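Remarks on the overall topology
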Amino acid sequence: MLFHPEQSEKKFFLALFFGALLVFGGGVYVGAVNAPYVGATEVSAVPPENVDFAPLYKSWRILEENFVTATTTASSTEEERMWGAIEGLARSYGDDYTVFFRPEQKEIFESEIRGDFQGVGMEIGVRDEVLTVIAPLKDTPAYRAGIKSGDKILEIDGESTEGLTTESAVKKIRGEQGTTVVFTISRDGGAPFEVSVVRDVITLPTLDTELTSDGVFIIRLYSFNALAPQLFRDALSEFANAQTDKMILDLRGNPGGYLEVAVDIASWYLPVGKAVVIEDYQDETKNNVHRSRGYDVFTDQLKLVILVDEGSASASEILAGALSEHGVATLIGAKTFGKGSVQQVFPVTDTTALKITIARWLTPNETSISDGGITPDIEIEITEEDREAERDPQFERAVQFLLQGN
């Protein structure tokens, strides 16, 4: 038996199963892990008493009274100079995810949160000061063009990405459906090459399932979006009908999503009250432990492998870390991306905002996800030769592990 013994009769089990889902499966999913928390209380504009702003005011005055543009056509407004000063302040904190949104950037950010955008369909971030692909989303233009997790983006349409923030890069990549953007890519330290991608309307994928001929049930989860809990419920119903005890949860290339969805999915595997992730703040009194809701429908007979790679980020790392540390799952694949921080958006003016890191994600064992990501129990790399031959050694190793127990 795979589920709790007291639910041994299948018909009775399904009734209880769907009853639990009706009670626990709903909810409002707010606060995305990769897409930051939106909204904040207003912050006082009174200068802090312990900071001397005289050097800033003096520098502004010196520039105003003495600066001459190199050409007669170049110019900037006082507003643009103010935005530049705030951008510099945000950069001085040395955090890739703490940025200032000018009006146009704020509009782009908000449209992405809503999901109504046109582009190429990939998650990007800055890693070691280089613009990097976290993951191309399945069946999007970037995915079909062959862009891979871990690719370094050196140029966008011939312009260097050195020093470019993620938000500025998104602005360059976004564009009208049918137009083309050209990336100069470096992969695995090799020679740079160009990839042309035709922009399209992006429909974010969520989940699909498969049952192999040898009885391994696969759930491929592509996004922790608001649709995922219901679709995961449906997948567990399929799993129950498959009469197997072997499951692969494939989180490869999943860049994250809503925190509450990660907690919801973890709750199917963990008893009530077990820690899923710890929110670690500057002020430790604000620390928050997100715990399992205890749907916990599986017995110890479940054989679970979670597949991860360098494209598994944020909510993927939270779920994989929790189920691994609680001894529920074996992790197979490559080290995860290491996106373990929480962002919140604070309004600055009616049209601008600051997105800043306010906390860190820690696994139940209080390991920082951002410190190099999560290392699988069994590390398997996919080489360029594997890709060309359309081999998937990570998946093959997962099936072997479930069938042979090692």
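On a predicted model such as this, the values are computed, not experimentally measured, just so you know.

Here is what the cut-offs are and how they apply
- Residues numbered from 1 in each chain as written.
- Predicted model: local features only at pLDDT ≥ 70, side-chain atom pairs only at ≥ 80, totals over all residues.
- Heavy atoms only, no water.
- Helix = DSSP H or I, 4+ residues; strand = E, 2+ residues; numbered from the N terminus.
- Buried < 20%, exposed > 50% of the residue type's maximum accessible area, 1.4 Å probe, protein only.
- Pairing = 2+ DSSP bridges.
- Contact = heavy atoms within 4.5 Å.
- Axes fitted to C-alpha atoms, helices over the stretch in contact; angles between N-to-C directions.
- pLDDT = per-residue confidence, 0-100.
- Phe/Tyr/Trp six-rings, centres within 6.5 Å; stacked < 30°, edge-to-face > 60°.
- Core = buried A, V, L, I, M, F, W, Y, C linked by side-chain atoms within 4.5 Å.
- Salt bridge = Lys/Arg side-chain N within 4 Å of Asp/Glu carboxyl O.
- 1 Å grid on protein atoms, 1.4 Å probe; cavity = no way out; pocket = protein on both sides within 12 Å on 5 of 7 lines; lining within 4 Å.
- Points joined across faces, edges and corners; volume = space filled by probe spheres on them.
- Nonpolar A, V, L, I, M, F, W, Y, C, P; charged D, E, K, R; others polar.
- Parallel < 35°, antiparallel > 145°, perpendicular 65-115°, else oblique.
- Left-handed = near helix turned anticlockwise from the far one by under 90°.
- Expected span 1.5 Å × (residues − 1).
- Patch = residues over 30% accessible without salt bridge, like charges linked within 9 Å, V, L, I, M, F, W, Y side chains within 5 Å.
- Areas by Shrake-Rupley, 256 points an atom, 1.4 Å probe, with all protein chains shown as cover.
- Lys, Arg positive; Asp, Glu negative; His and termini not counted.
- Charge placed at Lys NZ, Arg CZ, Asp CG, Glu CD.
- Polar contact = N/O pair within 3.5 Å; in protein donor to acceptor, adjacent residues only side chain to side chain.

Summing up its helical and strand segments, the chain has 11 helices and 19 strands in all. Considering the chain as a whole, with its 406 residues, one finds that 47% of them fall into the buried category.

Taken in spatial order, the six strands of this open sheet run E10-E11-E12-E15-E16-E19, and their pairing is mixed. What marks the edges here is a single partner per strand, and that holds for strand E10 (207-211) and strand E19 (378-379). Across five bridges, E10 lies against strand E11 (residues 216-221) in antiparallel orientation. For Leu207, the partnering residue across the bridge sits in E11 and is Leu221. Helix-sheet contacts for helix H7 (residues 228-242) involve E10, E11 and strand E12 (246-250), and the interaxial angle to E11 is about 175 degrees. Of the strands in this sheet, E11, E12, strand E15 (303-308), strand E16 (330-333) and E19 touch helix H11 (residues 393-404), which is tilted by about 165 degrees from E15.

Moving on, we come to the confidence of the model for the chain. Across the chain, the average pLDDT comes to 84, with 87% of residues at 70 or higher. Predicted confidence is poor over residues 1-41, with pLDDT under 50, and the contacts of this stretch with residues over four places away or in other chains come to 101 contacts.

With the rule as written, the count across this model stands at seven aromatic pairs. Members of the aromatic cluster, connected to one another through ring pairs, are Phe217, Phe232, Phe239, Tyr269 and Phe298.

This part covers the nonpolar core. If you look at the biggest cluster of nonpolar residues, it comprises 46 residues, and the most contacted ones within it are Phe224, Met247, Leu249, Tyr269, Phe298, Leu304 and Ile306. If we skip the residues at most four places from it in the chain, Tyr269 touches Phe232, Met247, Leu249, Asp296, Phe298, Leu302, Leu304, Leu323 and Val328. If you look at the next biggest cluster of nonpolar residues, it comprises 20 residues, including Met122, Ala142, Leu164 and Val195.

What follows deals with the pattern of salt bridges. As enumerated under the stated definition, the model contains 18 salt bridges in all. A salt bridge links Arg102 to Glu87, with the nearest nitrogen and oxygen atoms 2.7 Å apart. Taken as a pair, Arg102 in the loop between strand E1 (99-101) and helix H4 (103-114) and Glu87 in helix H3 (residues 78-91) lie far apart in primary sequence, 15 residues in all. Residue classification places Glu87 among the buried residues on the basis of a relative accessible area of 18%. Where Arg220 meets Glu210, a salt bridge forms, and the shortest distance between an N and an O atom there is 3.0 Å. With Arg220 in strand E11 and Glu210 in strand E10, this pair connects stretches of sequence that are 10 residues apart. By relative accessible area, Glu210 is classed as partly exposed at 36%. Connected via shared salt-bridge partners are Lys138, Asp208, Glu210 and Arg220.

A separate point is the layout of surface pockets. In this structure, the largest pocket spans a volume of roughly 2,000 Å³. Lining the largest pocket we find 47 residues, and of these Leu89, Tyr93, Thr98, Leu354 and Ile356 sit closest to its centre. At the level of elements, helix H2 (54-66), H3, strand E3 (122-127), strand E13 (275-281), strand E17 (341-347) and strand E18 (353-362) are the ones that each hand at least two residues to the lining of the largest pocket. When its residues are assigned to classes, the lining of the largest pocket shows 27 nonpolar, 10 polar and 10 charged.

Let us look at the packing of helix H8 (residues 259-266) against helix H9 (residues 315-325). Contact pair H8 / H9: the axes reach a minimum separation of 9 Å and the direction vectors enclose 25 degrees. The pairing of H8 with H9 is recorded here as roughly parallel in orientation. Where H8 crosses over H9, the two elements pack in a sense that is right-handed. Along its contact with H8, which presents Leu259, Ala262, Ile265 and Ala266, the element H9 presents Ala315, Ile318, Leu319 and Leu323. A class-by-class count of the residues in the contact of H8 with H9 yields eight nonpolar, no polar and no charged.

So, on to H7. Relative to the 21 Å expected for 15 residues at 1.5 Å per residue, H7 spans 20 Å between its end C-alpha atoms, a close match to the ideal helical length. Residues of H7 that are buried: Ala228, Pro229, Phe232, Arg233, Ala235, Leu236, Ser237, Phe239 and Ala240. In the stretch just after H7, Gln243 is the one whose phi turns positive, near 55 degrees.

This brings us to a negative patch on the surface. The grouping of Asp96, Asp128, Glu129 and Glu162 at the surface amounts to a negative patch. Secondary-structure assignment places Glu162 in the loop between strand E6 (159-160) and helix H6 (166-173).

What follows is about the environment of Glu381. Mapped onto the secondary structure, Glu381 falls in the loop between E19 and helix H10 (384-388). On a C-alpha basis, the gap between Glu381 and Asp309 in space is 8.6 Å, while along the polypeptide they are 72 residues apart. The contacts of Glu381, once residues within four sequence positions are left out, are Ala334, Asp386, Pro393 and Gln394.

Moving on, we come to the side chain of Arg199. Mapped onto the elements, Arg199 comes out in the loop between strand E8 (193-198) and strand E9 (200-201). No salt bridge is formed by the buried Arg199, whose closest oppositely charged neighbour, Asp157, lies at an N-O distance of 4.4 Å. Among the polar contacts made by the side chain of Arg199, one reaches the main-chain carbonyl oxygen of Lys172 at a distance of 3.3 Å.

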